[in-house]
Amino acid sequence: ENDKNRIIKLIKPELYQYVFFSWIVYSEVIKNQFDEKNLNYLDGKNVCLVTGIANPEPFVAYLKNKQLDFEHLNFNDHHEFTLSEIEHLKTKQFILTTEKDFMRLSAHFEGRENLYYLPIELRIDKPNEFDELLKNSIR
């Protein structure tokens, strides 16, 4: 709350403006087009984490906090995977990625069950106030 108040003071919103804070919550379940498994399914597996996002550090920290051992292949945000990169990934026993990168890679892994993504959710502080404000603004 102190950080929020400090940021609001820095922003100096006008009386008619509202400030909400959001954050990402990582799932405890990994998914692909075939099934879903609890994240602890990865314990003891050779996992290759593939990220093509602007800031993978929170994702990496979350997995390390879960004591997951993995190799991290970090690509630039919006990376278009080359055929040689895809062929290299196909040699990996188990691949975990973001939902965004899963969508880019899944067509190349059809029929394979070793490509999964970790879903995320967006949370907003004061969700009821946010929802009400949003509803009133579109009426």
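Everything discussed here concerns the structure shown above.
To start, this report covers the structure provided alongside it. (Residues numbered from 1 in each chain as written. Predicted model: local features only at pLDDT ≥ 70, side-chain atom pairs only at ≥ 80, totals over all residues. Heavy atoms only, no water.)

### Re unusual backbone geometry
The backbone of Lys-12 shows a phi angle near 55°, a positive value even though the residue is not glycine. By the element assignment, Lys-12 lies in the loop between helix 1 (2–11) and strand 1 (22–26). Even without glycine at this site, Lys-126 takes up a positive phi of about 50°. The topology assignment puts Lys-126 in the loop between strand 8 (120–124) and helix 5 (127–137). (Helix = DSSP H or I, 4+ residues; strand = E, 2+ residues; numbered from the N terminus.)

### Some points on the environment of His-108
For His-108, the position within the fold is in the loop between helix 4 (99–105) and strand 7 (115–117). Residue His-108 is classed as partly exposed on the basis of its relative accessible area of 33%. Taking C-alpha positions, His-108 is 50 Å from Glu-14, a pair spaced 94 residues apart along the chain. Among all residues touching His-108, those that are not within four sequence positions of it are Ile-86 and Lys-90. (Buried < 20%, exposed > 50% of the residue type's maximum accessible area, 1.4 Å probe, protein only. Contact = heavy atoms within 4.5 Å.)

### As for the pattern of salt bridges
Under the criterion given, the structure shown has twelve salt bridges. Close ionic contact of Arg-6 with Asp-3 constitutes a salt bridge, the shortest N to O distance being 3.9 Å. Here Asp-3 and Arg-6 lie together in helix 1, a separation of three residues that amounts to about one turn. On the basis of relative accessibility, which here comes to 47%, the residue Arg-6 falls in the partly exposed class. For the salt bridge of Glu-28 with Lys-66, the shortest nitrogen-to-oxygen distance reads 2.7 Å. (Salt bridge = Lys/Arg side-chain N within 4 Å of Asp/Glu carboxyl O.)

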